[in-house]
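Residue-level listing of the chains:
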Amino acid sequence: MIHEEIPPALAGERLDRIVALVTDASRSDAAALVAAGGVEVDGVRTYSGKQRLQLGQRIAVDESKLPTVALPQADPSINVTVVYDDEHVIVVDKPAGLVVHPGAGNPSGTLVNGLLARYPEIAAIGESHRPGIVHRLDVGTSGLMVVARSARAYHSLVYAIAQRDVGRVYRTMVWGHPVNPNGVIDAPIGRDHKDPMRMAVVVDGKSARTRYQVLAVYNSPAEASSLECRLESGRTHQIRVHLAAIGHPVVGDGTYGGIRHAISSPRPFLHAAELAFIHPTTSEQLEFTSPLPDDLVAVEAQLTT
């Protein structure tokens, strides 16, 4: 069951659109869920998705009433780079452009489809529409992810991520030169009050912390900086939103102001370079690194100090 209070960004929106956003479902599936009695508004069950909700109203959404969708199928044509596996966990190096799991607009061709071809047992782990998945990377982000291969590992990793016990370090390139070479951005993130399809720093958002360190600064063909970012929470688009909020959007990030002509990048310059966690059964500290991929190396090569 999902419980949400309507934020300013969604005030005045139709119920079915809000349900689609919070469940990551299509608009038609969200409307069907409402019609099936799967939503309560301020404690009252409702069957119409047309009503518009106001700021502060509360909804409870029963995801189990979403229309039954086909479970993700194994697809051996999806290439998955596995850097580590055992009977409990799988660590993959995801390429940019690959969606992590099926969802609205991406019913197949995802990382999960490729994993199922190699590890069919994960079909029974975690949520059926995204088996084994305990955290995600945006489609345009490359790098390291851990996937659960056993139920024990799934519950352990979900808890570890919630407790901020999983180390995640990202490499990025931003526009401009941060004033401080090291810093912590501590600002709540929620849906943008002007555009609910985007995230933003908002007073009514969820707490979020990003620690950064400047690795190098460049002056030509434009001012830019190479950063290392450590997540101390895991909100949607967190690094991209936080860096844009301090005036240094990620190079190549069209959603948050990172597209400029001086530096060309095929995607947001963001790569999950390091991953560390305690193994769910052996208690061993596991640490993995992933080098910057060729497309981002080429972007960096355009720059000089």
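None of the values given here were measured: they were computed from a predicted structure.

K.L.:
Before we go on, may I ask you to explain the overall build of the chain in this structure?
P.N.:
Summing up its helical and strand segments, the chain has six helices and 15 strands in all. Computed over C-alpha atoms, the radius of gyration of the chain comes to 20 Å, within 12% of the 19 Å expected from 2.2 N^0.38 for 305 residues, which places it in the range of a compact globule. If you line up the chain on its principal axes, its C-alpha atoms span 60 × 45 × 35 Å. Within the span of the chain, comprising 305 residues, buried residues form 47% of the whole. Within the chain, contacts between residues at least 6 apart in sequence are counted, and of these 65% link residues at least 24 apart. A total of about 14300 Å² of accessible surface is found on the chain, and carbon and sulfur atoms cover 49% of it. The average position of the 28 basic charges and that of the 33 acidic charges among the side chains of the chain differ by 5 Å.

K.L.:
When you look at the packing of aromatic side chains in this model, what are you seeing that I'm missing?
P.N.:
This model, assessed by the stated rule, comprises two aromatic pairs. Look at tyrosine 84 and phenylalanine 288: their rings are 5.5 Å apart centre to centre, the planes differ by 50 degrees, and that puts the pair in the tilted class. Of this pair, tyrosine 84 sits in strand β5 (residues 82-85) while phenylalanine 288 sits in strand β15 (residues 285-289), and the two are 204 residues apart along the sequence. Overall, phenylalanine 288 belongs to the buried group, its relative accessible area being 13%. One aromatic cluster is present, formed by Tyr84, Phe277 and Phe288 through successive ring pairs.

K.L.:
Teacher, can you tell me more about the nonpolar core here?
P.N.:
Note that soluble globular proteins tend to have their nonpolar side chains buried in a common cluster. The biggest cluster of nonpolar side chains holds 41 residues, and the ones touching the most others in it are Leu111, Leu115, Leu243, Ile263 and Phe269. In contact with phenylalanine 269, not counting residues within four places along its chain, are Arg171, Thr172, Met173, Val250, Val251, Leu292, Leu296, Val299 and Glu300. Judged by nonpolar contacts, the second largest core, of 17 residues, contains Val91, Ile125, Ala148 and Ala160.

K.L.:
I'm lost on the sheet that holds strand β1 (residues 2-5) in this one. Help?
P.N.:
Hydrogen bonds along the backbone pair up the strands of a sheet, which may run parallel or antiparallel. Read across the sheet, four strands follow the order β1-β4-β2-β3 without closing on themselves; strand pairing throughout is antiparallel. Of all the strands in the sheet, just β1 and β3 (44-46) have a single pairing partner and so form its edges. For this sheet, the mean angle separating the axes of adjacent strands, direction not counted, is 25 degrees. Set on the sheet, helix α1 (residues 15-23) makes contact with β1, β2 (39-41), β3 and β4 (58-61); between it and β4 the angle comes to about 60 degrees.

K.L.:
Just checking my understanding: could you explain the side chain of serine 142 for this structure?
P.N.:
Within the element layout of this structure, serine 142 appears in strand β7 (residues 142-148). Not counting chain neighbours up to four residues away, the residues in contact with serine 142 comprise Lys94, Pro95, Ala96, Leu137, Arg267, Leu270, His271, Ala272 and Pro293.

K.L.:
I keep staring at the packing of α1 against helix α2 (residues 27-35) and nothing clicks. Help me out?
P.N.:
Helix-helix packing is described using two parameters, namely the angle between the two axes and the distance between the axes. Viewed as axis vectors pointing N to C, α1 and α2 meet at an angle of 110 degrees, and their least axial separation amounts to 8 Å. Classified by the angle between their axes, α1 and α2 sit roughly perpendicular to one another. Here the hand of the crossing between α1 and α2 comes out right-handed. In this structure, α1 uses Leu15, Asp16, Arg17, Val19 and Ala20 to contact α2, whose residues at the interface are Arg27, Ala30, Ala31, Leu33 and Val34. Looking at the contact of α1 with α2 residue by residue, the class counts come to seven nonpolar, no polar and three charged.

K.L.:
Sorry if this is basic, but what is going on with unusual backbone geometry here?
P.N.:
Among all residues save glycine, negative phi is the norm, and among peptide bonds the norm is trans. In this structure, proline 221 follows serine 220 across a cis peptide bond, with omega equal to 5 degrees. Here proline 221 is to be found in the loop between β12 (209-218) and β13 (224-231). Even without being a glycine, arginine 164 presents a positive backbone phi close to 65 degrees. Residue position: arginine 164 is located in the loop between α4 (151-162) and β8 (167-175). With a phi close to 60 degrees, histidine 237 is a non-glycine residue in the positive phi region. Position of histidine 237 relative to the elements: it lies in the loop between β13 and α5 (238-245).

Cut-offs used in this document
Residues numbered from 1 in each chain as written. Predicted model: local features only at pLDDT ≥ 70, side-chain atom pairs only at ≥ 80, totals over all residues. Heavy atoms only, no water. Helix = DSSP H or I, 4+ residues; strand = E, 2+ residues; numbered from the N terminus. Rg over C-alpha atoms; globule rule 2.2 N^0.38 Å. Buried < 20%, exposed > 50% of the residue type's maximum accessible area, 1.4 Å probe, protein only. Contact = heavy atoms within 4.5 Å. Areas by Shrake-Rupley, 256 points an atom, 1.4 Å probe, with all protein chains shown as cover. Lys, Arg positive; Asp, Glu negative; His and termini not counted. Charge placed at Lys NZ, Arg CZ, Asp CG, Glu CD. Phe/Tyr/Trp six-rings, centres within 6.5 Å; stacked < 30°, edge-to-face > 60°. Core = buried A, V, L, I, M, F, W, Y, C linked by side-chain atoms within 4.5 Å. Pairing = 2+ DSSP bridges. Axes fitted to C-alpha atoms, helices over the stretch in contact; angles between N-to-C directions. Parallel < 35°, antiparallel > 145°, perpendicular 65-115°, else oblique. Left-handed = near helix turned anticlockwise from the far one by under 90°. Nonpolar A, V, L, I, M, F, W, Y, C, P; charged D, E, K, R; others polar.

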